[in-house]
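# Geometric and topological summary
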Amino acid sequence: MATLLEHPHGRGGYPSALVSPKASKVMDSAALQPKEDPVDPVDAWHAALEGYFVPEDDEEHVEEEQVEEELVLLGDADKLSKEQRMVMLKLKEAMQYSRMKLKQVNLSFSGASVYFFTPMRSDGTPLPSSVLKFDTEECVRDELEKTKKYGKLFGLTTPKVKDFQFLSGADPKEPSSVMQIDLCGGIFGLPEFASAPPVQTFASVIEDELQAKERKVDVMPIINEALERRMFYFTMTSRKILQLNLAATYKLVRFVGHGILNRAKEGAKRAEKSPALAAGFQRPADVDDLDPDGRFVEELSGKRQTAKEYFQNFVGYEKLLGEKFERKVVAGLCHNDLHGGNLLLDSQGLVWLIDFATVKDNMHVLMDLTKFLAACLFMYLQDNVDEEHIRSFGKLLVTTPDATTAMPSSLEEAVRGDATATFVLGLLARLRHCMCIYENGDDAPDNDGLPFALAFFSWATRMLSYSEPSLHQKGRALYCAIAGAQRLLWDAGVDVGPEACHWIEQNRMIWEGQKGRRLSTSATSGPQLAFYEFGLEFPRYLAQVGASEAWSTDFLTRERVHVQEHCTTITMKFAGRLQPRFVALPRQAKVLIERLNAVYKSYAPELLELECFYGRVLVIGDSGTGKSMLTKQFFSEVAQHQIHEIHSQAESSTEKDAAAGGVKSGLVPLRIPLVDFSRHLEAEPDFSLEADPVSDLMTEWVKRRHGQDSVP
């Protein structure tokens, strides 16, 4: 409501009314009652300074007629049903604005749909976005309870329910109820100044990176934060060891029936609800269209038959699979719909989790991670990659021998030259590392890798029914499904033929070779010093971490900008100097610090002109003065400078030099916000402050920030 203060002197030089700019209506001046106590002029002046509008002396208040603006719905609003549009307009925010834009994000098998919802001012200026989810009243009420109960387990970055509405008299089976979720970008963003979206799905980020020829976003720290840290805590909240029938848990025969054997029947059933839901089964209507010549089955089993014929034989082993795959596994809380569309990234780089409608307890801990991995291979990865590499990855994944061995690094040489395949391999390696962490522990049961292989097979067959994958991607999923089925039958004691035995044993040998090289650090209960080759690890660290720190987000446009290319030269002046105590540095430290001179020469040449400058810089400044940006520039330049040196040396070195071991030393850059140390010590007051290359404060920070195996 507008705040009006009437001055007793009328037009005597002070404002007769002070009107809040936030008022949405003009009030009738005749309805105003004069105040008994006069308004102090000084108070009126201060009120004006605080943002109230001061009318001109000759301005008169005239009642304005309220003109009802025409409702304008933009974007994907045409995808809403009549009932969904009606219930959406009952939302408090929808009643305040006449222009709204919707963008569909997801459509589930149940008929529920998710949209980005952006209200707009009358001039078209967008306001903070939120998420709308349309579902049945029963499901919406259930999700409201689950979001309240489970959302906090992921951390603070779980959007809060902003509003919800139900449509009276609606069919209880129709998705005509809505819940509105506060979106991360809506809380932290400045949408009226944005030229880029205030929030992105992790799916869109990965898709863009898989399509790009050069890496623009380092997704590994995002995966570390989302899956290794936050989802791990979420899942392990109810960790326990349970006896589960994995064949029933992952619904093997049911998904084979849906995605392979009965596609036309299932598609017709879904078409009664929505043509969009039926599209996944109707494209193609017959699974054999994905492999008309039967090459997949012949390559993986040595038999000439169609995929449908192969899986008709597979479901005949339903009873055997149920008996063989009942075992003890690590179980916990499961989100049950973890894909890139439910992981959001805001303009601050924070990871948010949405959609708690499907949360279940006492589920195998790899349910979520395996779905995310399958989504990366069968939904986000397009056809800009050598398919032979992806098939090799698929066969390697289904033959995993345990829950401790890291993804074999021997494949790196095979994919060298294929940037997309190299990125996919790095992605799989990080996801594999997370899975090892989830399935381990002091009380973890013996694990022969079958639980993961079974989960991967299940999601490969299920995604054959999804509407999002292209025919090419579904062909990839079918290939991995056949490979996974061969592994399951092989484990169950079924004769899979000499061809299958050959490639299974061949890939198991690759895993055995990795065991001799380097075990995942999560394989043991206590800290273990893994074997590192510095000459190999150091350039990888510089490239990965240096690229991560080289990019920032423009606070106005939210565009990704490079800290070196998008910077302004400023004048540096010194108003004083510090006199720190003398610290004797060893010769090696002096040599390393001198390497910074090339960086200082580019960014702060004045430092090199000081009489007593030994390479150490203390940057002090108020908030917003650019301290963080300067340190990111130093960090990125140090990393890039050393990478150029390493490549130059490699090009000019002889074979003898290469055999001697390559890089022997280097300056390892770290950019650590001290507040992170403070938070760590608050959480663990007894943590040792002594230097320890295995588990000191700095090492633990690097592991949390860049991943378990990222310490060079």
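Here the structure is a predicted model, which means the values were calculated and not measured. (Residues numbered from 1 in each chain as written. Predicted model: local features only at pLDDT ≥ 70, side-chain atom pairs only at ≥ 80, totals over all residues. Heavy atoms only, no water.)

## Topic: the overall build of the chain
Operational definition: Working definition: helices are DSSP H or I runs of at least four residues, strands are E runs of at least two. Numbering for both runs from the N terminus. Only protein chains enter the accessibility calculation, which uses a 1.4 Å probe; a residue whose area is less than 20% of its type maximum is buried, one above 50% is exposed, and one in between is partly exposed. Any pair of residues with heavy atoms lying within 4.5 Å of one another is described as a contacting pair. Each accessible area value is a Shrake-Rupley result obtained with a 1.4 Å probe; residue values ignore everything except the protein chains displayed when judging cover.
Helices and strands together make up the secondary structure of the chain, namely 28 helices and 14 strands. When each of the 712 residues of the chain is scored for burial, the buried share is 47%. Restricting to contacts in the chain with at least 6 residues of sequence separation, those with at least 24 account for 73%. Taken as a whole, the chain presents about 37500 Å² of accessible surface, with 52% of it coming from carbon and sulfur.

## Considerations on a nonpolar patch on the surface
The following threshold applies: Like charges are joined within 9 Å and nonpolar side chains (Val, Leu, Ile, Met, Phe, Trp, Tyr) within 5 Å, but only among residues with over 30% relative accessible area and no salt bridge; these make up the patches. Only one rule defines a salt bridge in this text: a Lys or Arg side-chain nitrogen within 4 Å of an Asp or Glu carboxyl oxygen.
On the surface, a cluster of nonpolar side chains totalling about 210 Å² of accessible area is made up of Val668, Leu670 and Met698. Looking at the element boundaries, Met698 is found in helix H28 (residues 697-706).

## Notes on helix H6 (residues 202-211)
Short version of the rule: Starting at the helix axis, one direction is taken to each C-beta atom, and the arc is that of these directions.
What H6 keeps buried is the set Phe202, Ala203, Val205, Ile206, Glu209 and Leu210. Looking straight down H6, one finds that the buried residues subtend no more than 165 degrees of arc, so they occupy a single side. In this fold, the buried residues of H6 make contact with strand E7 (199-201), helix H7 (219-236), strand E10 (343-346), helix H15 (367-380) and helix H18 (419-438).

## A short note on the sheet that holds E10
Going by this rule: A pair of strands is labelled paired if DSSP reports no fewer than 2 bridges between them. Every axis corresponds to a line fitted to the C-alpha atoms, with the helix fit spanning only the stretch in contact, and the corresponding angles, defined between N-to-C directions, vary from 0 to 180 degrees.
Read from one edge to the other, the open sheet built from three strands follows the order E7-E10-E11, with strand pairing classed as antiparallel. Edge positions in the sheet fall to E7 and strand E11 (351-353), since each of these pairs with one other strand and no more. Pairs of neighbouring strands in the sheet enclose a mean axial angle of 35 degrees, with direction left out of account. Summarising the sheet, E7 and E10 pair through three bridges and their orientation is antiparallel. Residue pairing across strands places Thr201 opposite Leu344, the latter belonging to E10. Helix-sheet contacts for H6 involve E7 and E10, and the interaxial angle to E7 is about 70 degrees.

## Thoughts on unusual backbone geometry
Geometrically, the link from Arg283 to Pro284 is a cis peptide bond, its omega value of -5 degrees lying close to zero. Looking at the element boundaries, Pro284 is found in the loop between helix H11 (275-282) and helix H12 (295-301). Positive phi outside glycine occurs at Asp355, with the angle close to 70 degrees. Examined against the element boundaries, Asp355 turns out to sit in the loop between E11 and strand E12 (360-364). For Asp355, a relative accessible area of 10% translates into the label buried.

## Notes on the confidence of the model for the chain
What counts is decided by this rule: pLDDT is a per-residue confidence score from the predictor, ranging from 0 to 100.
Per-residue confidence for the chain gives a mean pLDDT of 78; residues scoring 70 or more make up 77%. Taken together, the stretch residues 185-197 has pLDDT below 50 and engages in 33 contacts with residues farther than four places along the chain or on a different chain. A low-confidence stretch, residues 518-532 (pLDDT under 50), is modelled with 26 contacts involving residues beyond four sequence positions or located in other chains.

## Let's talk about the side chain of Thr147
Structurally, Thr147 can be placed in helix H4 (residues 137-150). Thr147 sits in the buried class, given a relative accessible area of 13%. Those residues within four positions of Thr147 in sequence are excluded, and the remaining contacts are Pro159, Val161, Met179 and Phe356.

## Considerations on the side chain of Thr125
In this structure, Thr125 sits in the loop between strand E3 (113-120) and strand E4 (130-135). Take Thr125: its relative accessible area is 18%, and that puts it in the buried class.

## As for H7
Within an α-helix, residues lying three or four positions from one another point in the same direction, as the helix has 3.6 residues per turn. Threshold: Multiplying 1.5 Å by the residue count of a helix minus one yields the expected span of that helix. For a residue, the bend is simply the angle between two axes, fitted respectively to the seven-residue segment ending there and the seven-residue segment starting there. Counting of polar contacts relies on pairs of N or O atoms within 3.5 Å, with two restrictions inside protein: one atom must be capable of donating a hydrogen and the other of accepting it, and residues adjacent in sequence are counted only when both atoms are side-chain atoms.
For H7, which comprises 18 residues, the first-to-last C-alpha distance of 23 Å matches the rise-based estimate of 26 Å (1.5 Å per residue) to within 8%. The sharpest bend along H7 measures roughly 30 degrees and falls at Arg230. Among the residues of H7, the N-terminal cap falls to Asp218, whose side-chain oxygen and the backbone nitrogen of Met220 are separated by 3.3 Å.

## Topic: the packing of aromatic side chains
Put simply, the test is: Between rings of Phe, Tyr and Trp, where Trp is taken as its six-membered ring, a pair exists when centres lie within 6.5 Å; planes separated by under 30 degrees are stacked, by over 60 edge-to-face, and by other angles tilted. Note on geometry: a ring has a charge over it if NZ (lysine) or CZ (arginine) is within 6 Å of the ring centre and within 35 degrees of the ring normal.
Evaluated as defined, the whole model comprises 13 aromatic pairs. Their ring planes at 70 degrees and their centres at 5.4 Å tell us that Phe232 and Tyr438 sit as a pair that is edge-to-face. Note that Phe232 is positioned in helix H7 and Tyr438 in helix H18, a separation of 206 residues in sequence. Residue classification places Phe232 among the partly exposed residues on the basis of a relative accessible area of 26%. According to the relative accessible area criterion, Tyr438 is buried, its value standing at 1%. The side chain of Arg141 reaches across the aromatic face of Phe166, ending 3.9 Å from its centre. Against the face of Tyr479 rests Arg391, its NZ or CZ located 5.2 Å from the ring centre.

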